[in-house]
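Remarks on the overall topology
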Amino acid sequence: MPSPACDSVTTARNHQSSKQTKPAIAGAMAAMVRSGLVKLLCSSTLLLCCFLLRGALAEERFYEFVVQEALVKRLCKSQKIITVNGQFPGPTIEVYNGDTVAIKAVNMAQYNVTLHWHGLRQLRNGWADGPEFVTQCPIRPGGSYTYRFTIQDQEGTLWWHAHSSWLRATVHGALIIHPRRGLPYPFPKPHKEFPVILAEWWRRDPIAVLRQSMITGAPPNVSDALLINGQPGDLLPCSSQETSIIPVVAGETSLLRIINAAMNTELFVSLAGHRMTVVAADAMYTKPFDTTVVLLGPGQTTDVLVTAHAAPGRYYLAARAYASAQGVPFDNTTATAIFQYKNAGPGCPTTSGRSSSRSSSGHLGRAGPRPMLPFLPAFNDTNTATAFSNSLRSPHPVRVPGPVTQEVFTTVGFGLFNCRPGPFCQGPNNTRFGASMNNVSFQLPNTVSLLQAHYHHIPGVFTDDFPAFPPVLFDFTSRNVPRPLWQPVKGTKLYRVRYGAVVQIVFQDTGIFAAEEHPMHIHGYHFYVLATGFGNYDPRRDEAKFNLVDPPSRNTIGVPVGGWAAVRFVADNPGVWLVHCHIDAHLTGGLAMALLVEDGGNELEATVPPPLDLPVCVL
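Residues numbered from 1 in each chain as written. Predicted model: local features only at pLDDT ≥ 70, side-chain atom pairs only at ≥ 80, totals over all residues. Heavy atoms only, no water.

Structural notes on the overall build of the protein
Broken down by element type, the protein carries 9 helices and 32 strands. Burial analysis of the protein (619 residues in total) assigns 59% to the buried set. Of the roughly 24500 Å² of accessible surface on the protein, a fraction of 56% belongs to carbon and sulfur atoms. (Helix = DSSP H or I, 4+ residues; strand = E, 2+ residues; numbered from the N terminus. Buried < 20%, exposed > 50% of the residue type's maximum accessible area, 1.4 Å probe, protein only. Areas by Shrake-Rupley, 256 points an atom, 1.4 Å probe, with all protein chains shown as cover.)

Next up, the structure:
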């Protein structure tokens, strides 16, 4: 039986519309090949010919995503969830660098929805980015909107997800960008590739979980299970027959494209009996290194090569939480998939030591003996988390932008809003749970998007006075932060950035309520991670630790628990770009801000006009 990972790829390929067409130049080049003219052209103008051929291979790809309700069964219970095209996880999008993509989102669900293409830079085209009330108003029930964008010099594993309320709990899928046609990976070509999508599952409607939290002011309930490719795995009830299976052949190498689509949980991932070679993170290639454990925060992706060199049999690929905050509830289940050798003979090693049974096809079935479990770090193993993150490097020396022309030092962490004891104040000590950056708890507008307000000069929607430094300096990582500092101020504050500026942001975790690792995502940009550390950031001491040779490039960075992270990038993408913690419970509490990157001096440095079908805002 094919694995859900394989099914998702096959389904997405079949779902691509017959409207996909190659540009006219592709047909012209094909005719020239047949007539022998290409040989003549390349002999005289080789560079021009090859440039045209490279462009000719790009395609236009069309998808239709119908957001709709579907009935599924997990953990012995049937319930309705919101899906795309009735699939969970949603369809896998597979494109090539240089392709143009159009995705028509049709909302047949009862909730407002938007879609975000996580990690795509969307150069000058924030209208296709997707976060609700940041770059667009939501697609209302019964409405539609077509996201149009071009893949520009990006390749690797990204993903897409809903960016409205908590719909991304079930509305998400893989976005795989292959190198331009004819160009290889910078590592040996794998025999097969598999998306591995990690997620969370609630026995209730996730929207109801969120609403309960927003009414009571208490943190939202934790999930009931973790998932791999939509399934909890056979360690949990009623799940053994649907456990995701990754079929492999002895001696062959597979590329696992691991995506953490979980709402609120950072995850350790390990594969029994095998080592993994990390080759990319957040769709940026890395210096390869071997590991037995991968760490991913929500929003992050990691590509690993695995060679099937163990004794033929069945091995668990397992995921469980990295819970960095002390005393905070978390989902302590373990999700599993099965890394299964094809044509495995009798006597394959298992945890029970029994010989394995085979189906008539010669493949091990789901009813076979229990696979081998991998070693997974303890839930609070910060040392392993840090060691993995510090192993990531760019594959070659890079030119880190500098000198810095705009600098932001911002706290990231929790807060508590004081209120009268009662049913709406069920947070710690009769408060309402919140979160902030530089003491500002971010509030989204609800009548027009921030990008529309900026583009059309609509007043009163936001201010551009987000503080570049904390308004009050204190011992940020202390466990005894004075209580008057616990309450943030609500606001819709943006930070204005000049086009072309070299921006450096230092994210500083705080000990307010509880220190925790925060996966911070910057829309519209990749950035160099210069350094991370523990305690309070001190530029006089810590700038000496900056890696200015081969820092990794990412779109989501885990700010260490009780520590800091320094990132740098060039502001070459005009528009309004959300910066937020990708733990949705924290984003809902206000752990976000937005960059307003001004237009440059010419048309190619300015935000493009909004599309005609941009969803209409409803007052």
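Brief notes about the sheet that holds strand S31 (residues 575-581)
If you walk across this open sheet you meet the 5 strands as S24-S32-S31-S26-S29, and the pairing is mixed. Every other strand in the sheet has two partners, leaving strand S24 (494-497) and strand S29 (556-559) as the edge strands with one partner each. Across the sheet, the mean angle from the axis of one strand to that of its neighbour is 20 degrees, orientation sign disregarded. The sheet contact formed by S31 and strand S32 (residues 592-597) spans 6 bridges and is antiparallel. In the strand pairing of S32, Val 579 is matched with Met 593. (Pairing = 2+ DSSP bridges. Axes fitted to C-alpha atoms, helices over the stretch in contact; angles between N-to-C directions.)

Focus on the side chain of Glu 266
Along the chain, the position of Glu 266 falls in strand S13 (residues 266-271). Despite being buried, Glu 266 has no salt bridge partner; Arg 554 is the closest side chain of opposite charge, sitting 8.7 Å away. In contact with Glu 266, other than residues within four places in its own chain, are Asn 260, Leu 296, Gly 297, Pro 298, Arg 320, Ala 321, Tyr 322, Glu 517 and Pro 519. (Lys, Arg positive; Asp, Glu negative; His and termini not counted. Salt bridge = Lys/Arg side-chain N within 4 Å of Asp/Glu carboxyl O. Contact = heavy atoms within 4.5 Å.)

Some remarks on the state of the cysteines
Across all of its chains, the model carries 3 disulfides by this definition. The disulfide partner of Cys 76 is Cys 238, and the gap between their sulfur atoms is 1.9 Å. Where Cys 76 bonds to Cys 238 through sulfur, the torsion about that S-S bond is close to 90 degrees, and the disulfide is right-handed. Placement of the pair is Cys 76 in the loop between strand S1 (60-74) and strand S2 (77-84) and Cys 238 in the loop between strand S10 (225-228) and strand S11 (245-248), with a sequence separation of 162 residues. On the accessibility criterion, Cys 76 (40% relative accessible area) is partly exposed. What pairs with Cys 137 in a disulfide is Cys 617, and their sulfur atoms sit 1.8 Å apart. The S-S bond linking Cys 137 to Cys 617 shows a torsion near 85 degrees; that makes this disulfide right-handed. Here Cys 617 lies in the segment after S32 and Cys 137 lies in the loop between strand S5 (115-118) and strand S6 (144-150), a separation of 480 residues in the sequence. (Disulfide = S-S within 2.5 Å.)

Here's the deal with the sheet that holds strand S9 (residues 192-201)
Strand order across the open sheet formed by 6 strands is S10-S9-S12-S17-S14-S15, with mixed pairing between neighbours. Looking at the sheet topology across the chains shown, the edges are occupied by S10 and strand S15 (284-291). Taking each pair of neighbouring strands and ignoring which way they run, the sheet shows an average axis angle of 25 degrees. Where S9 lies against strand S12 (residues 253-260), 7 bridges are found, and the strand directions are parallel. Bridge pairing in S12 links Leu 198 to Asn 260.

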